[in-house]
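Spelled out from the first residue to the last, the chains are:
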Amino acid sequence: KAAWSLPIADGERMTSRDMLSEVEENIRRVHQDMLAGQLAAVRSRMDGLHLPAKAPAEAIYLVSFYGSMLTEREGDYRSALSEIQRAAEIEERMKLSLYKGMAQHQLALLLRELGRFRESAQLFDQLRQRPYSEDPCEKAKLFNNQAWSTLLAREAGERFGNPTHLFKKALKIYATCKTFT
């Protein structure tokens, strides 16, 4: 698949709404390619994307979020961490309610993968304390991910609480989740 960039028709500036629509459409393709394991296609698309300096915050968020997911899969954890932190900052600063903590959740998962279990568990705890999602599956994931981060922190010798209650809560919520039952 060919790389893409945002077109500017006849020298006219693309509106923010048009730019965001274009980014969303291409990010959908990136997401599909990522799910299919087509990392070369994802890399090609992401490398071809050049947002203008005044791009909408949501467009920058999406590019950073998916850029992080790609670089993590490629094994470039430094870039993945940088990109997801950028997305999380935009999410917080702009109050992007549509994404409600998605970047923070991804950041916590990445921290866990990097062996930063305590930070991961604490971030999951913070996510649980604020409105996140009404979807029971998503709520259960938070409890489950916090439990695993807590367990790994304990196994790494850090003084941390027992995660059993978090696992039990996740299981109880998962039981109400239509996707898993």
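Residues numbered from 1 in each chain as written. Predicted model: local features only at pLDDT ≥ 70, side-chain atom pairs only at ≥ 80, totals over all residues. Heavy atoms only, no water.

Caption draft 1: Spotlight on the packing of helix H1 (residues 16–35) against helix H2 (residues 39–47). For the pair H1 and H2, interaxial distance at closest approach is 8 Å and the crossing angle is 155°. Considered as vectors, H1 and H2 are oriented roughly antiparallel to each other. Like other packed secondary-structure pairs, H1 and H2 cross with a definite hand, here left-handed. Facing H1, whose interface residues are Asn26, Ile27, Arg29, Val30, Asp33 and Met34, H2 presents Ala41, Val42, Arg45 and Met46. Partitioning the contact of H1 with H2 into residue classes produces 6 nonpolar, 1 polar and 3 charged. (Axes fitted to C-alpha atoms, helices over the stretch in contact; angles between N-to-C directions. Helix = DSSP H or I, 4+ residues; strand = E, 2+ residues; numbered from the N terminus. Parallel < 35°, antiparallel > 145°, perpendicular 65-115°, else oblique. Left-handed = near helix turned anticlockwise from the far one by under 90°. Contact = heavy atoms within 4.5 Å. Nonpolar A, V, L, I, M, F, W, Y, C, P; charged D, E, K, R; others polar.)

Caption draft 2: Structural detail: the environment of Glu92. Along the polypeptide, Glu92 turns up in helix H4 (residues 77–94). Put simply, Glu92 and Ala103 are 11 residues apart on the chain and 9.4 Å apart in space, counted from C-alpha to C-alpha. Once you skip the residues sitting within four places of it in the chain, Glu92 turns out to touch Gln104 and Arg130.

Caption draft 3: Region of the structure containing the pattern of salt bridges. Taken as a whole and judged by the stated rule, the model has 9 salt bridges. Ionic pairing is found between Glu25 and Arg29, a salt bridge with its closest N-O pair at 3.5 Å. Of the two residues, Glu25 and Arg29 are both situated in helix H1; the distance of 4 residues between them amounts to about one turn of the helix. (Salt bridge = Lys/Arg side-chain N within 4 Å of Asp/Glu carboxyl O.)

Caption draft 4: Representation of the packing of aromatic side chains within the structure. Tallied over the entire structure, the rule returns 3 aromatic pairs. When the centroid spacing of 5.9 Å and the interplanar angle of 25° are considered together, the rings of Tyr61 and Phe65 count as stacked. Of this pair, Tyr61 and Phe65 both sit in helix H3 (residues 57–73), 4 residues apart, roughly one helical turn. Note on accessibility: Tyr61 and Phe65 belong to one class, buried. Ring pairing ties together the aromatic residues Tyr61, Phe65 and Tyr66, which thus form one cluster. (Phe/Tyr/Trp six-rings, centres within 6.5 Å; stacked < 30°, edge-to-face > 60°. Buried < 20%, exposed > 50% of the residue type's maximum accessible area, 1.4 Å probe, protein only.)

Caption draft 5: Up close: helix H8 (residues 164–174). All buried positions along H8 are accounted for by Leu166, Ala170, Ile173 and Tyr174. One side of H8 holds all its buried residues, which, seen down the axis, span an arc of 100°. Pointing more than 90 degrees away from the buried face of H8 are the exposed residues His165, Lys168, Leu171 and Lys172. (Arc of directions from axis to C-beta.)

Caption draft 6: Layout of the nonpolar core. If you look at the biggest cluster of nonpolar residues, it comprises 37 residues, and the most contacted ones within it are Met46, Tyr61, Phe65, Tyr66 and Ile84. Of all the secondary structure elements, the ones that give two or more residues to this core are H1, H2, H3, H4, helix H5 (102–113) and helix H6 (117–129). Once residues lying within four places of it in the same chain are set aside, the contact partners of Phe65 are Ile84, Ala87, Met102, Ala103 and Gln106. (Core = buried A, V, L, I, M, F, W, Y, C linked by side-chain atoms within 4.5 Å.)

Caption draft 7: Highlighting the side chain of Asn145. Mapping Asn145 onto the fold places it in helix H7 (residues 136–155). Discounting chain neighbours no more than four positions away, the residues touching Asn145 are His105, Leu109, Arg112 and Phe124.

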